[in-house]
Each structure stands twice: as structure tokens, then as C-alpha cells.
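Chain and residue survey
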Amino acid sequence: MSTTAPHPDPSPILELVEAFRCSKIMFAALALGVFDRLAGEPASVDELAADLKVQPDALARLLDACAHLGLLWRKGERYAVTPVAWAYLCRESPRRLTGYINYSNTILWKLWANLEDAVREGTHRWKQSFGQEGPIFSALFRSEEDKREFLLGMHGYGLISSPEVMAAFDLSRFRCLVDLGGATGHLAMTACARYPYLRTIVFDLPAVAPHARAQIQASPVAERVEIMAGDFFKDPLPEADLFALGRIVHDWSEDKIHTLLRKIYERLPEGGALLIAEKLLNDDKTGPRWAVLQSLNMLLATEGKERTLTEYTALLQAAGFQQVEGRRTNSPLDAVLAVKQTG
């Protein structure tokens, strides 16, 4: 290459060099309690430092970085939360993502530090990062508070994605939806709000049920949402004409996925369907950004990966489903609908 030729713009590389720093700024400010403290009223550096028991000059640097990232406003010598920080970074907000962000800081941050070894060996990094073999989700539920915060963080994600997933297809012909691994019930409640004649069941592990109940009881559609405890791999599935799997299929190995899909197919009546909510990879797998990054996240944290619509279609047809359609959304999740047609 000629030394006189113009050099490519280095901005994409420099931005990636700094990208992890931006994430850690938000993670650290959340972990230190900055956003919750400022949710009540603006405060100065000295006031915050005293309340949070941190060093004032170091805190000032963190606060200014948060202001640059749009998470705080600086008004003279005082700082306040921005609307986006209030909505998603404060524990008082019903839309908070704090549980998942703390999980990203304490768990995923360490797993991602071992990405090179995950690529070399093709397996998750729980043992290398935390000295444990599994099960892969045991670190999420180390205490009741950890469990609650993680589930509420995923609930915040659900409030973003579930309305678009439920709007992707016309589901008005169905009368009973079972959301397998439905967590806090965000998809079931969204479905009931959209379809007034639909009855729903949130089917998840016994440890999740109390957290689902707390969210559902506060919903105007609570009378049409039932909670049922069980393990969808081991226990009989409830009767329904529509099943849903949201952020479930990407967790598991091909063998486990096939077992679960076949189990759902056999439980459905003719004309019944399965709705899958995952982020679809493009056919060439170089995008979209969310799906590409999440597929690597699945390598580090689970047995699974993200897939293209063609790959989901092959999995679903192998389980017996004949008609498969996909719809992209503007949310963290897309939608795939597979219909059982035995005639």
C-alpha cells in the first residue's frame, strides 16, 4: 500500500476502544447508587459523596462522564437524573432495567473477559469465571433479592419488546396462550390487553411464581392471567391453542430445543401455533448489531445461540410444524409464528 494514499478514518476503531468504558461508567454509577440518590432531588458532588461514602473528586469525574453520556444533567454545581435515567436506571421506576444492568456488571462483565477462551473451546465460561459447573442460571438466583432484581430487569426489557412481539401477527383466533418460561408475565399481560377474549397462563419455575404474581396482580387484566409452576422440560404442559417462548430457545442446545419443540407440537391441537420471540440474525449473520452481540453472549453464558429465520424454520419443521413466518420489529425481540397443520 502506498504511503501517500489517504488513511482510513480511525474513528470506528477508536470508538470501539472506548466502548467498554462507557458501559462501565453506567454500571459503576448504578452500583454506587448515584441514580437512586438523585431520583429524589438534585445534589452537589459533596452532598453525593457524603451520602454514597465515596471520594469527592473521583465521584465528580464519574458524574461528569454520566452527564456527557446523557444519564445526568449538570445544573451549575448540582446534578440531576435525566428522563431516560429515571425510567430505566432508578429502582422506583416500574420500567427499570436495573436488575439486568447489575447482572451485566457483576456476571456478564466477567464472562466476557474470557471471550477468547470461549471461542477456542466453544463452551460457556461459568467455571472459568466463577468456579462453578452449572446449572447455567444458578448465579442469577443466589439470593431472593438477586432473583427479584434480575426478573424485574427482564420485566423492563419485556415492557419494551412484548407490545411489538404481540403486534407482529394477528392472533385473534386463539383463545388460550401459555407463555413457557413467562417470568413476570409481561408477554401474557400484553397479549390480554391486545386481545380481550384471550386467556393466558404464565408457566415457569416455582421460584419465579411469587414475582410473577406481584406484577400480574397489579394489572387490569389480572383475572385473565393464571400462574402455573413447572419445568417445561420435565412437566406436562397445560392445554392451549397457542404457546409462546420468549428469550428461551436461544438458551439451549439443539437436542434440548428439539425435545421442547416436539413436546409443544404434540400438545397443540390442529391449527394451534407457537410464537417465538427472539432477535433474528440476518441471513449472512453479520447483523443486526443486537443479534450478533447477543449470539456471542449466548456462547459465554449458555448452551445456545441466535439464529436466522431460515434456521428457526428448519428447527420448527423438524419438530412437525408446517407453516413458519417471521416478522422483524424495532424492539430487542423479533417474532416467529409456527402453525400446526396435520390435515
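Preceding this section is the structure that the text describes.
Residues numbered from 1 in each chain as written. Predicted model: local features only at pLDDT ≥ 70, side-chain atom pairs only at ≥ 80, totals over all residues. Heavy atoms only, no water.

A word on the sheet that holds strand β4 (residues 176-180). Strand order in this open sheet of seven strands is β6-β5-β4-β7-β8-β10-β9, and the pairing throughout is mixed. This sheet does not close on itself; its edge strands, each paired only once, are β6 (225-229) and β9 (323-327). Direction aside, neighbouring strands of the sheet carry axes that sit 20° apart on average. Sheet analysis places β9 next to strand β10 (residues 334-339), joined by five bridges and oriented antiparallel. (Pairing = 2+ DSSP bridges. Helix = DSSP H or I, 4+ residues; strand = E, 2+ residues; numbered from the N terminus. Axes fitted to C-alpha atoms, helices over the stretch in contact; angles between N-to-C directions.)

On to the packing of helix α3 (residues 45-52) against helix α4 (residues 56-68). One can describe the packing of α3 onto α4 by two numbers: an axis separation of 9 Å at closest approach and a directional angle of 110°. By the angle between their directions, the pair α3 and α4 is classed as roughly perpendicular. Taken as a pair, α3 and α4 cross one another with a handedness that is right-handed. Contact residues: α3 offers Val45, Asp46, Leu48 and Ala49, while α4 offers Pro56, Leu59, Ala60 and Leu63. Taken together, the residues of the contact of α3 with α4 sort by class into seven nonpolar, no polar and one charged. (Parallel < 35°, antiparallel > 145°, perpendicular 65-115°, else oblique. Left-handed = near helix turned anticlockwise from the far one by under 90°. Contact = heavy atoms within 4.5 Å. Nonpolar A, V, L, I, M, F, W, Y, C, P; charged D, E, K, R; others polar.)

Further remarks concern the pattern of salt bridges. Summed over all chains, the structure comprises 17 salt bridges. Between Glu47 and Arg78 there is a salt bridge, with the nearest N and O atoms lying 3.1 Å from each other. Taken as a pair, Glu47 in helix α3 and Arg78 in strand β3 (residues 78-81) lie far apart in primary sequence, 31 residues in all. Taking the relative accessible area as the measure of exposure, Arg78 reaches 34% and is therefore partly exposed. (Salt bridge = Lys/Arg side-chain N within 4 Å of Asp/Glu carboxyl O. Buried < 20%, exposed > 50% of the residue type's maximum accessible area, 1.4 Å probe, protein only.)

Attention now moves to the pairing of strand β7 (residues 242-246). Within β7, four of the five residues are buried, which leaves it mostly tucked inside the rest of the structure. One ladder, built from four bridges, connects β4 with β7; its direction is parallel. Residue pairing for β7: Val178 is matched across the bridge by Phe243. Where β7 and strand β8 (residues 273-278) come together, five bridges link them in parallel fashion. Each residue of the ladder has a partner; that of Leu245, found in β8, is Ile276.

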